[in-house]
Amino acid sequence: MPRPPFLRRSNSGIIQTFHYEIKPKISYPPSIPVSQYPLLNIFTNSTGRNEEQLNQIHAHMITSGHLHNPTLTSKLVASFASKTVPGSTSVARRIADQIDGLDTYSWNTIIRGYLEGNDPEEAILVYNHMRRKGLKVDTYTLVFAIKACGLRPVILEGKQIHGQIFKMGFGLEVIVQTALLKLFGLFDEDRVVQQIFDEMPHRDLVMWNALVAAYARGNCPYKVREVSYDMVRSNVKPNGVTAVSILSSCSSLRALREGKAVHGYVTKNLIEFDVFVHNALIDVYSKCGSIQDAFQVFQLMPVRNVVSWTSLINGYSDNYCPNEALGLFKQMEAENIRPDEITVLGVVCMCTKLRSFELCEWIDQYVAKTGLVKESPAIANALMDMHAKCGNIMKSCQIFDGMKEKTIASWTAMIQGLAMHGHGFSALVRFCQMQREGFKPDGIFFLGLLSACSHAGLVDEGRRYFSSMEADYHITPWMEHYGCMVDILCRAGLLDEAFEFVQNMPIKPDMVVWRTLLRTCQTRGSISLANLVMKMNHLCDSGPKKSEDYVLLSNLFASNAEWDNVKKLRKEMKIRGVTKQYPGSSFIEVD
């Protein structure tokens, strides 16, 4: 059987083909005849034993003196570590610490047990313990340790293990290097990812897929396309995993033509045209506005999962097809497919866009019936936002007060809803309540709070909260926060203070800030201040203008009898083809 080839690109750019094979350094559980140790019969079906039975076996080994037999103890350790019961892996660790000469396989099961229990810190500590004790480390040890590093918030331990791998002689093992590549891809270390890939003499399909996925996850769609071309040129045939990563990058780029090309390739070349590829195709067509193609892919799927339904429902919602989205959701219910949190969130967001009171009541009753509102704070937050935007602020308050677990997003949705309905004082009361419960506001929360002050005319409170952002919470204000503060001052008629505030901003004001100031000047008849702003040419220098900016400037020039400037603006509008993109509209709900 021929050995798998690998490719190396020389300095001249010529691809050289070699043959190379590496056998990974892996420790397997010891194979011992049962006749030598009759106690091994107990572990034959240890995977089916509960924790109490394993504790009895442990006690028997202590009393019979078998605990210090590494052969039997390794079986006991592996049995405890493979259990999903909380604390069982810690028991395996304590047993292992008491025994000298325990094999690598046993320590690997402990590291894997901590990983499966979502405790990466302990997994890394066990790996470090093995290194300090001089215990033998194999391929699986390193792969498990690297996976643990991927679950940590920082990559420091991963970089340390990366250096140790070469010192221990594992630098050419594909399994270890692929795990490293995935790790650095998780932390968007693109330069290190490419370096690991380039230094590997043998690159199998899994490593190519890891590289493509790393760039897709790191939002580098152009690199995904480049790597996929290199992959084909290197005579490595892409599979379904590759296709999903490439389609993800096409979705990010809104690249419909490339998405269709990938669709054609997988149709002709892939045997395993699985549900994941279908779901990725639905997402691409939906994001690119080709919702009919997305529906055709959905119709041709032999097997669908909840992600398939959710992708198409969200696609209909994003492409302004609410009736189709609701029809598909009801069809999903009719086929007894239980929607998950993401599906319900998509339907709630669609009802929010439609501003339909009847639909809001329907989805609210559905969520209450399924119990998702109690299980998911995200759904409760979305329902609060939906009811507030559809005019039912009392329902939003009821949902908020009934929540067992609140997040900062919950408080933000509540504050913004109250602000939207003009209940500024109630919003400030909620803020005080939030502080008493120990929640720390973020930048998005302060947008809602300042908006509440603006709608209620609370100027002093607005000034105080704006100042407290940096002073008390160390949050640097965004452009939107400055815009809210200008709006507060303008609504209170403090135009001179608002103008001075804008001039002293540490960042350059955008179109929205100047537009707010000028519109207030027009409303309150402050032509002198408007002229001062226009003479300083702020609105014209702040970037591309919308149709409303031209209308605003034209009205201001007309009110000051500057007809030449009015004609100049109208001519500029014609030259640039400025039109009102979304004409004003209104609708009513009819029973």
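Residues numbered from 1 in each chain as written. Predicted model: local features only at pLDDT ≥ 70, side-chain atom pairs only at ≥ 80, totals over all residues. Heavy atoms only, no water.

**As for the overall build of the chain**
Within the chain, the secondary structure is distributed over 33 helices and two strands. Of the contacts made within the chain by residues no fewer than 6 positions apart, 60% connect residues no fewer than 24 positions apart. Looking at the chain as shown, the accessible area adds up to about 31,000 Å², and 53% of this sits on carbon and sulfur atoms. (Helix = DSSP H or I, 4+ residues; strand = E, 2+ residues; numbered from the N terminus. Contact = heavy atoms within 4.5 Å. Areas by Shrake-Rupley, 256 points an atom, 1.4 Å probe, with all protein chains shown as cover.)

**With respect to the side chain of Thr343**
Relative to the helices and strands, Thr343 resides in helix α18 (residues 341–354). Among all residues touching Thr343, those that are not within four sequence positions of it are Val306, Thr310, Ile313, Phe329 and Met332.

**Here we look at the packing of aromatic side chains**
In this structure the tally under the stated criterion is 14 aromatic pairs. Summarising the aromatic geometry, the rings of Phe466 and Phe501 are spaced 5.7 Å apart at their centres and angled 70° between planes, so their arrangement reads as edge-to-face. Separated by 35 residues along the polypeptide, Phe466 in helix α26 (residues 459–473) and Phe501 in helix α28 (residues 495–503) bring together distant segments of the chain. Judged by its relative accessible area of 19%, Phe501 is buried. Within the aromatic cluster, the residues linked to one another by ring pairs are Phe431, Phe445, Phe446, Tyr465 and Tyr473. (Phe/Tyr/Trp six-rings, centres within 6.5 Å; stacked < 30°, edge-to-face > 60°. Buried < 20%, exposed > 50% of the residue type's maximum accessible area, 1.4 Å probe, protein only.)

**Quick look at the confidence of the model for the chain**
In the predicted model, the chain carries a mean pLDDT of 83, and 86% of its residues have values of at least 70. Note on residues 1–24: pLDDT is under 50 here. Beyond four places in sequence and across chains, it has 40 contacts. In the model, residues 31–37 has pLDDT below 50 throughout and makes nine contacts with residues more than four positions away in sequence or in other chains. (pLDDT = per-residue confidence, 0-100.)

**Concerning the pattern of salt bridges**
Under the counting rule described, the total for this entry stands at 17 salt bridges. Salt-bridge contacts for Asp318 lead to Lys353; the nearest nitrogen and oxygen are separated by 3.7 Å. A residue pair is termed long-range when its members are at least 10 positions apart, and Asp318 in helix α16 (residues 306–318) and Lys353 in helix α18 qualify at 35 residues. Residues joined in a network through salt bridges with shared partners are Glu121, Arg152 and Glu157. (Salt bridge = Lys/Arg side-chain N within 4 Å of Asp/Glu carboxyl O.)

**Some thoughts on the packing of helix α2 (residues 70–81) against helix α4 (residues 104–116)**
One way to put it is that α2 packs onto α4 with a least axis distance of 9 Å and a crossing angle of 10°. By the criterion of interaxial angle, the relationship of α2 to α4 is roughly parallel. Two secondary-structure elements touch here, α2 through Ser74, Val77, Ala78 and Ala81 and α4 through Tyr105, Ser106, Thr109, Ile110 and Gly113. Within the contact of α2 with α4, the residues separate by chemical class into five nonpolar, four polar and no charged. (Axes fitted to C-alpha atoms, helices over the stretch in contact; angles between N-to-C directions. Parallel < 35°, antiparallel > 145°, perpendicular 65-115°, else oblique. Nonpolar A, V, L, I, M, F, W, Y, C, P; charged D, E, K, R; others polar.)

**Description of the packing of helix α25 (residues 443–456) against helix α27 (residues 479–491)**
Running from N to C, α25 and α27 cross one another at 10°; their axes reach a closest spacing of 9 Å. Taken as axis vectors, α25 and α27 run roughly parallel relative to one another. Here α25 contributes Gly443, Phe446, Leu447, Leu450, Cys453, Ser454 and His455 to the contact with α27, which in turn contributes Glu480, His481, Cys484, Asp487, Ile488 and Arg491. Its residues assigned to classes, the contact of α25 with α27 comprises six nonpolar, four polar and three charged.

**As for the environment of Val502**
By the secondary structure assignment, Val502 is in helix α28. By relative accessible area, Val502 is classed as buried at 2%. Discounting residues that sit within four places of it in the chain, Val502 has contacts with Val486, Pro509, Val513 and Trp514.

**Let's talk about unusual backbone geometry**
A positive phi angle is found at Asn118, which is not glycine, with a value near 60°. Within the secondary structure, Asn118 sits in the loop between α4 and α5 (120–132). Look at Asn235: it is not a glycine, yet its phi comes out positive at around 60°.

**Topic: helix α14 (residues 275–287)**
Helix length check: α14 (13 residues) gives 18 Å between terminal C-alpha atoms against 18 Å at 1.5 Å per residue, within 8%. Summarising burial for α14: ten of the 13 residues are buried, a large majority. Along α14, the residues that are buried comprise Val275, Val277, His278, Asn279, Ala280, Leu281, Ile282, Val284, Tyr285 and Ser286. Taken together, the buried residues of α14 touch α12 (240–253), α13 (256–269), α15 (291–300) and α16. Here α14 starts with a cap whose side-chain oxygen sits 3.2 Å from the backbone nitrogen of Phe276, and that cap is Asp274. Once α14 finishes, Gly289 follows within two positions and takes phi at roughly 80°, a positive value. (Expected span 1.5 Å × (residues − 1). Polar contact = N/O pair within 3.5 Å; in protein donor to acceptor, adjacent residues only side chain to side chain.)

**Describing α15**
By the burial criterion, the buried members of α15 are Ile291, Ala294, Val297 and Phe298. Seen along its axis, α15 keeps its buried residues to an arc of 115°; they face one direction. Buried positions along α15 lie against α13, α14, α16 and α17 (322–334). (Arc of directions from axis to C-beta.)

**Side note on the side chain of Thr520**
Assignment of secondary structure puts Thr520 in helix α29 (residues 511–524). Residue contacts for Thr520: discarding those within four places in its chain leaves Cys490 and Leu495.

**Quick look at the environment of Asp190**
When you line up the elements, Asp190 lands in helix α9 (residues 190–199). Using a relative accessible area of 23% as the deciding quantity, one classes Asp190 as partly exposed. Expressed as a C-alpha distance, the spacing of Asp190 and Gly218, which sit 28 residues apart in the sequence, is 7.9 Å. Excluding residues that lie within four positions of it along the chain, Asp190 makes contacts with Tyr215 and Cys220.

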